[in-house]
Each structure stands twice: as C-alpha cells, then as structure tokens.
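# Examination of the molecular architecture
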Amino acid sequence: MRWPLLVVLALAALRCAHAPEAAAVPPASAASWPEPRPPALRLPDTVRPVRYLLDLTLLPAEPTYSGTVTVDLDVREPTQQVWLHAQDLTLTQARVRTGERVLEARTVEGGEGRLGVLLPEVLPAGPAQLTLAFTGQPDRERSQGLYVVAENGEPAFYTFFEPVDARRAFPCFDEPGFKVPWRLRFTVKQEHVALANHAIESEEPLPGGLKRVTFADSRPMPSYLVAFMVGPFDIVEAGRVGRSPVPLRFIVPRGRGPETAYAAQVTPRIVTLLEDFFDQPYPYEKLDVAVVPRFWGTMEHPGLVALGQPLTLIRPGEETLARRKRYVNIAIHELGHYWFSAMLTCRWWDDAWLNESLTSWLDRKITDQFDPDWRHGVETRSQLLSASLGIDARTTTPPVRKPIATPADIHGAFDNATTYFKGAALLGQLEEWVGEAPLREALRRYVRAHEWGSVTAEDFLGAMGKDLGPDAERFLRGYLDQPGAPRVSAELQCTPGQAPRLTLAQERYLPEGATALAPQLWSVPVCVRAEGRAERTCTLLSTATGALELPGTACPAWVLLNAGGAGYYRSGYTAAQLSRLGALPPGALSLPERLTFLADVQAGVARGDLRLADTWGLVPATARDADRLLVQRGGHLASISLQALPEDVRPLYRAWMRDLYGERARKLGWRPRPGESDDTQAFRGELLGRAAFVGEEPTLVREAQTLARAWLADRSRVAAETGPRVLHLAARTGDAALFDAILDQAKKTQNPTEREQLLETLGSFQDPALVDRALALVTADTFDPRDSVGILENALTNLQARDKAWRFYVENFDLLASRMRSDEANQLLSRVGQLCDDTWRAEAETVLAPRVSRIEGGERSLRRALESLRLCVAFNRKQLPGVVEFLKNRATPARR
C-alpha cells in the first residue's frame, strides 16, 4: 500500500470478534499460498459481508489514524482468496476465523483499490469472519474519503464516501449492493464530539484523556452511506421532528450555532412534507445535521445528513430569498434520499439514476409545496428541462442508464444533466401523462415493496408497468437506455366535415454542426392542444411517423405540440406555425406552455431551422410581460455571447438590452423595499442582470459602485442579497484600491463562504495589471486553491480578461489539476466549452488531450467540452450575420 508501515497493532486490539478466541493456525509455507486472481471490476458474489464492526482511533491533530474492521462473512463457495476494497491504507494484520479455527492471512493489492486476502488453505462454504488491522492518513487537501478540515485552528474529521471512497478510510466491500448492518466504535479525545449514522449506545472513559464511543447497530446500508464526524463541535438542539418524533440537532463549528436559526425553523416542516408524500414516518431514530465545511460533502448519510456551510449557516439578517430557497430545496433533496437511496439503494452504479432522478424530481415537487409563492416547480421544471434537452443534443452525452465497464465509469454515472436532470424530467413527463395521484401511489408501493433492500432498473420499471400500464414502462425504457432526445414535428391536414388529422414525425434532435448519427426511435407520449379544443389530445408515438386525430371537425388555426409543456422532446415548428403561436394573446397558453414554446423556438434556432434575428421579434413582448419567468425565458432567447460580436456591434447589443430592460430595472433599483414579495426580489435580480451587467445602464452602474464600497465598509448598510451583486459589477471598472480592499477582506474573514465569494469577484476586474494580480492568486499559497480557482473561472467569462485567463489556464493546468479531486478537475476541463473560438479549440485539444488520461473521467469531459465549443462556432457562423444586421438596422443615434 502507499503509506509505510507505522505500527503493528497488538493482538488484543484485534479481539473484537463475536465468537470466543480460537487458536491461530500458523502461516503455511510459500507453496500453499494461491496465485492472486483479482476481479476485473465487480467483486465476486461468492463471499458476501453480513455485518461489520468498525473500530477506529480518531485524533484529528495526528497525521495518521488506526483501526480494525471485523466483517462477518457468508462464504457461498469454497475459496482460498477473498476480495474486497482498500486504497491508500497500510494493512498490518489479517485473520479469518472459520468455525473454531483462525487462519493467518496475507493481503495483496489487486489494482484500482482492490484488496485480496489470501489464505493458506481452502475456506469452506458457510459463515466466517474476517478481521483486518490497518492504518491510514486522512485527506487534508481534497475533502474526499475520511478527511480533516481545520477551522479557527481546530482540526476535525468528516467523511464523504460516495461513490467509492469508503475504501480510502477502511477496508470494506465497497459496492452499493452489499447492504448490511454496521456497528461503529471510536476512540477519541475526551472533549471531542463523536457522532455517526446511529445513536450513541455508550461512552467509556479511557486513560490519556480519551474515551471510547460505541454506536448502536445501523439499519442495513452500503459502505458509501457510512458517515461520522469527530472534533470540537457545538451541538445545537432544535426540538423533535416527524410523525414518531425524533431529536433534530445541528453540529457546527464552535461559535456558529446562531447561524442555524433558519435551518432549524424550516427543517421540521421539510420532514413532515416528505413523510406525507411517502405516507411513512421518518425512518431513523435521530436526525443530526452535519454542517460540513463546504458545499462539497453535502450527502444523504442516514441519521447524519451532511449539509454544507454555504447552505446551512446563514447569519441573522442575511436570510435572502436565494439562500432560503437553496437550503430548503437541497435539504429536501438530501432527506428525500432517505427513501430513494438509503431505504432503496441501487444494486450497482449503472442505476445511480434511480437514486438521483427520483430525488431530483421529488425535491422540485416538495419545494413547491413548501412555499407555493416561490413558484419553484414551474421555474425549475422549465430550466432543467431546457438544460437537459440542450446537453442531450450533444453526441457525446451518455444515456440516463450508463453501462459501467471501468472504475472511471462509476464517477461518470453521476452526470448532472442525465443522471439528475433528464431522469427527473422524464418523471415529470410521466406525471403529466398519467396524473399526479397515480404516480404518487405507484412510487409509494415501489418503496414499500423494496424497503431496506437493493433495487435495479428492472424493479422500478416493472413497478411502473404494473401500476401505471405497459405504455408507461415502454416510454421509460425507450428513454433510459439510449442517449439523446427526439424532435417531434407535425403537419395538419383538414378535410371539410371530418376530424382534423395531424401527421406526426420523430427524429433525434441535433443542432447545427452536429455529427450525423444513425436513426433513433423513442416511445414518446405526445400531447397536443389546438385552437377551439379545451382538452389536450395524446398518443404514444413509437414509430418514425404516426397520426393523431383532433376532436371536432373545425380546422384549428394553431396546434401546440407540447400541451402542458412537460414533454421531454423538442417541438419542431415551421415558420408559419411559429408565427401563429407567437401571435397568440397571453391567456391562450398556460405559463408552462409559453415557457416551453420559447425554449422550442430557441432550439429551432440552434438547429438552423430559424434565424435568431427573426425570433428576436418575440423578445420585446416577453420583456414587457408582468411574469418574471417569461421575462427570464425571453432573456435566454435574446442572449448571445458578446465575445462573438464584432467590437463595433457590442455597444448596439448593450443598447438593445437597456431598451428592453432598463426602465423596469431602474424602477426596482438595487435596494429592496419593506414588504416586497419574494417574487419581486427575484424579479429584481433578473432585470438588473440584463440591464446593468449586460446593458451597462449608466445609472445602475454608478449606484452599484457606491453601494459596493458601502457594503465593504459595513455589511449592515446594504441588503445581503445586494452586496455581492454590486461588488461584481463595481469590480469591472474598479481600481487598485477596490481590488486591495476586497483582497484584504478575503484574507481576514473567518467565513469560508464569504472568502470564496470575495475571491471570485477578483476575476471581474478588467484592468490588465489587476487581472495579472488576480490570476497569480489562483496558484499562490495565500488561499486554499478550492477557494481561489473561482477567480480563474470568472476571468474566463470576463470579456477583457479572457485572453490572459486562457493563457494562465494553459500554462497552469497541470498544477491546478494536481490539487483537485477528479470531479473538480473535470469541472475545470468543462470550462473549455465556453471558449467558442476555433483557434482556442485547436490549442485546447493539443494541450489537454495528452494530459486528461491522468484525470478520472477526463477524456470524456474533454470530448464533451470540445463538442460544445465546435457547436458554438457553428452556431455563430450561421447566425451572426443576421444578428449583426438586426442590431445595425434598429440602431439610431439616440439609442447609440
């Protein structure tokens, strides 16, 4: 193993087995040992864990920790070697008990975190017990596995094991299908708090200022859900929650308890809403909220849910709308996993979507119930449907259910666009199709049928087919196992005296510039709505073409191809169809339908069917609309990269943004007013983003500069939601004095969330000397690189800093990637997709292609980023001439 042997534990430390101590069999001769035969990927099913006892000594200030793990085994076939997982650990002793005998074993590495336990003789079928002693070194840089973070000079242990990092902390069968009870026992400092998934059963004082903490046996759970924390924490008691009331507590760094006030207020209601949805009580005996240092680490650990400090710790007076919504939504997601992940765990990582898609669909739904005035459901459904359809248009995007052939594929299974967003969108379409109550009842029965077990896609699909009908199962299967999404078009045929008839056609949606692919088919629930018909008409389109009759005999002037707006497909409209739908009065279509229609128009532009400049005729009406969500969606349609526009045309585009959004933005202003609704606060952000950040409206920019300096001087002088926003805008024209003031506060603050926020702002400065200073901080030792990398990410989107930022990116990629977890390095790779320049694409490919093999999943991320870049270039080549013409034609001296 990687770490040198530090200590060999005494035999007494290993006597944690449940049977009486037996005489050890001496080691056999070298000829008796088998040749190691490591499994290719998955562990064999011939030896399975039945129960764990994990005993660790956890002293956060020490460079290492030590422990033993004792695993009760079910040996299904005689064997002379047992395979499990361990990574970056030093194994100091291995024993296997069988009956009344104890065999001294040898351990070998099998690559990719596999650990072989070799025996001097054949282990017979039946029960056995494996005990391993080991030492390890906690991660202090990347927050993975068992990791240590120091706050205010005091280090503490945290855990994050999903998907395959439990093996970094202790030897185990590190696959989700091995779901068994765990018993944890820790030796810790007397003054430290030690908590885990289940309740403390006993505490025993030990010599040397230590104590032994033993926890109750857990419910069955896989290794990736094991969780614990040890350190100098404060515990905030927050009452009891649930139908069978259990204690709610928040575990926070010392002195930060008051910042949990909002979370403590709303979490009980979140639990109640989840219980009502599943019609089941909260499934554990306690609810501890581990407030972990970063957003990374947020995780659905049973009984010890981890929610990051940026989510959970909100200083009194800073409960902004954005922070309230974010805590509620993500807490719902993580606690919803207690049913869709902890009680029902995917058997293998190809079905990670079962954990995440169902819970992502659920968090949108329950957040809507939590506060209907937020309108989170309709907004999020529209945004995520559009985002996932957009990413699904790339030929490098995988299906929802991903085959797992390599360890890197396990990490790739957690693909936001498909595993989370697309899967949730499919559930949304299914709900729209079959009805809310039938789907809820089907999900309740599915959970009860498999609770505390492991599930596969077949279990879920079979349940949906049984309760909702074979068409529901056929629809889901068609979408889960193949990538992409269909484009549905229709031709209307009307014959006097007969029912109007739609001829439907489906094909894979691909944007301009995409590589041609072999034909694909889906089973698409197509629901349409037409003029003069109150109800929608639906069909399951499973062939390349199909027909749908509309009720009545009158020929409709218009037909909407996605009634309700929830269908996971692009609607392909002709120019004439688009014109008729675009001219409808606001009340003719529901809000979700209007949002989806505008997204379909945007998709038609990306495909090359429509000219962007022509569709911009729809934007002014959306900019005047009273509904924030329509203003937002119209703004997306009007968006184009300023970098792509000729330099002399950029002012014309900014002027158009000011004309569209400036007056309303000035009326709302930067400062919230007493009694404002949450929707008005959200509207302010949308309008100011368009008018001030894109349009550079002079009045708003001047006010932002004044407010930014006031906020830096005294946080109480500017509303919490306004301060960071105006600071970013002020930085664009800021001088060295403003730069120094922001940097000084970033160095002094003890709040990690605020530090990251301040540093990111430094990437907005445009003065070349300040850009150089900002980028130098990314690789300096002044800050944690996970905080300072936001400077680079912001600079890459900064029109004046992009060239310098890209040069810095190329020159420092190796150094930056070496400091990151694989997911962070992949995120850094994805930034290449924003470049939208053929010259930079060629350089990115040349520089990065030889390096990405060192990053788990890096080759996949680079392929996707380069495809995004190529599509962006093709889009600009097609659409920019018309856009330039549009902007020049509308320009007048007054507007300039």
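Placed above this text is the structure.
Everything numeric here is computed off the predicted structure, so don't read it as measured data. (Residues numbered from 1 in each chain as written. Predicted model: local features only at pLDDT ≥ 70, side-chain atom pairs only at ≥ 80, totals over all residues. Heavy atoms only, no water.)

### Concerning the overall build of the chain
Secondary structure assignment for the chain yields 28 helices and 29 strands. By the compact-globule yardstick of 29 Å for 896 residues, the chain fits well, its C-alpha radius of gyration being 29 Å. Dimensions of the chain along its principal axes, counting C-alpha atoms only, are 95 × 70 × 55 Å. Buried positions account for 60% of the 896 residues belonging to the chain. Of the contacts made within the chain by residues no fewer than 6 positions apart, 72% connect residues no fewer than 24 positions apart. Accessible surface for the chain amounts to roughly 33,800 Å². Of this, 51% is attributable to carbon and sulfur atoms. (Helix = DSSP H or I, 4+ residues; strand = E, 2+ residues; numbered from the N terminus. Rg over C-alpha atoms; globule rule 2.2 N^0.38 Å. Buried < 20%, exposed > 50% of the residue type's maximum accessible area, 1.4 Å probe, protein only. Contact = heavy atoms within 4.5 Å. Areas by Shrake-Rupley, 256 points an atom, 1.4 Å probe, with all protein chains shown as cover.)

### Some remarks on unusual backbone geometry
Cis geometry marks the peptide bond from Glu162 to Pro163, where omega comes out at 0°. Of note, the phi angle at Asn152 is positive, near 55°, even though the residue is not glycine. Judged by relative accessible area, Asn152 falls into the exposed class, the value being 53%. A positive phi angle, near 55°, is found at Asp279, a position not held by glycine. Classification of Asp279 as partly exposed rests on a relative accessible area of 37%.

### Remarks on the state of the cysteines
Here the structure, examined in full by the defined rule, presents three disulfides. Each sulfur in the disulfide pair Cys494 and Cys555 lies 2.0 Å from the other. On the S-S bond that ties Cys494 to Cys555, the torsion sits near 80°, and the link is right-handed. Of this pair, Cys494 sits in the loop between β23 (486–493) and β24 (501–508) while Cys555 is found in the loop between β27 (545–549) and β28 (559–560), placing the two residues 61 residues apart along the sequence. The partly exposed category is assigned to Cys494, whose relative accessible area is 33%. Across a sulfur-sulfur distance of 2.1 Å, Cys527 and Cys538 are joined as a disulfide pair. On the sign convention where negative is left-handed, the bridge of Cys527 and Cys538, at about 110° about the S-S bond, is right-handed. (Disulfide = S-S within 2.5 Å.)

### Here's the deal with the packing of aromatic side chains
Tallied over the full model, the rule gives 38 aromatic pairs. Between Phe475 and Tyr479, the aromatic rings sit 5.3 Å apart at their centres with planes inclined by 70°, giving edge-to-face as the arrangement. Of the two residues, Phe475 and Tyr479 both sit in helix α11 (residues 470–480), four residues apart, roughly one turn of that helix. Owing to a relative accessible area of 0%, Phe475 belongs among the buried residues under this scheme. For Tyr479, a relative accessible area of 0% corresponds to the buried category. (Phe/Tyr/Trp six-rings, centres within 6.5 Å; stacked < 30°, edge-to-face > 60°.)

### So, the sheet that holds strand β8 (residues 114–123)
Here three strands make up an open sheet; going across it, the order is β4-β8-β7 and the pairing antiparallel. In this open sheet, the two edge strands, each paired with only one partner strand, are β4 (79–85) and β7 (106–109). Direction aside, the axes of adjacent strands within the sheet are offset by 25° on average. Of the pairings in the sheet, the one linking β7 to β8 comprises four bridges and is antiparallel in character. Paired with Thr107 across the two strands is Val117, which belongs to β8. (Pairing = 2+ DSSP bridges. Axes fitted to C-alpha atoms, helices over the stretch in contact; angles between N-to-C directions.)

### Some thoughts on the nonpolar core
If you look at the biggest cluster of nonpolar residues, it comprises 281 residues, and the most contacted ones within it are Phe170 and Phe228. Beyond its immediate stretch of four places on either side in the chain, Phe170 contacts Leu54, His85, Leu89, Phe134, Phe161, Trp182, Val226 and Phe228. (Core = buried A, V, L, I, M, F, W, Y, C linked by side-chain atoms within 4.5 Å.)

### A short note on the pairing of β23
In terms of strand pairing, β23 meets β24 through eight bridges, oriented antiparallel. Note on β24: the bridge partner recorded for Ser489 is Ala505. Sheet analysis places β23 next to strand β29 (residues 570–572), joined by three bridges and oriented parallel. Bridge pairing links Ser489 to Gly572 in β29.

### Here's the deal with the pairing of strand β3 (residues 65–75)
With respect to burial, β3 is a largely interior element, 10 of its 11 residues being buried. Here 10 bridges tie strand β2 (residues 47–57) to β3, and the two strands are oriented antiparallel to one another. Each residue of the ladder has a partner; that of Val47, found in β3, is Val75. Direction of pairing for β3 relative to strand β9 (residues 126–136): antiparallel, over a ladder of 11 bridges. In the strand pairing of β9, Thr70 is matched with Thr131.

### What to know about the sheet that holds strand β18 (residues 246–253)
Spatially, four strands are ordered β17-β18-β19-β20 in an open sheet, and the strand pairing comes out mixed. Edge positions in the open sheet fall to β17 (233–241) and β20 (304–308), since each of these has one partner strand only. Direction aside, neighbouring strands of the sheet carry axes that sit 25° apart on average. Bridge analysis of strand β19 (residues 287–292) against β20 gives five bridges, and the strand direction is parallel. What sits directly across from Ala290, in β20, is Ala306. Against the sheet, helix α1 (residues 261–278) engages β17, β18 and β19, with an angle of about 140° to β18. Packed on one face of the sheet, helix α3 (residues 321–336) meets β18, β19 and β20 and runs near 150° to β20.

### Concerning the packing of helix α9 (residues 436–450) against helix α10 (residues 457–468)
Across the interface, α9 lies against α10 with an axial gap of 10 Å and an inter-helix angle of 135°. As summarised for this structure, α9 and α10 are arranged oblique, according to the angle between their axes. The hand of the α9/α10 crossing is right-handed. Residues Pro438, Leu439, Ala442, Leu443, Arg445, Tyr446 and His450 of α9 form the contact with α10, whose own contacting residues are Asp459, Phe460, Ala463, Met464, Asp467 and Leu468. (Parallel < 35°, antiparallel > 145°, perpendicular 65-115°, else oblique. Left-handed = near helix turned anticlockwise from the far one by under 90°.)

### Description of the environment of Tyr509
Mapped onto the elements, Tyr509 comes out in the loop between β24 and β25 (524–530). You can call Tyr509 buried: its relative accessible area is 5%. Distance in space between the C-alpha atoms of Tyr509 and Arg624 is 31 Å, their sequence separation being 115 residues. Setting aside anything within four residues of it in sequence, one finds Tyr509 in contact with Ala393, Ala485, Pro486, Arg487, Arg570, Ala603, Ala606 and Arg607.

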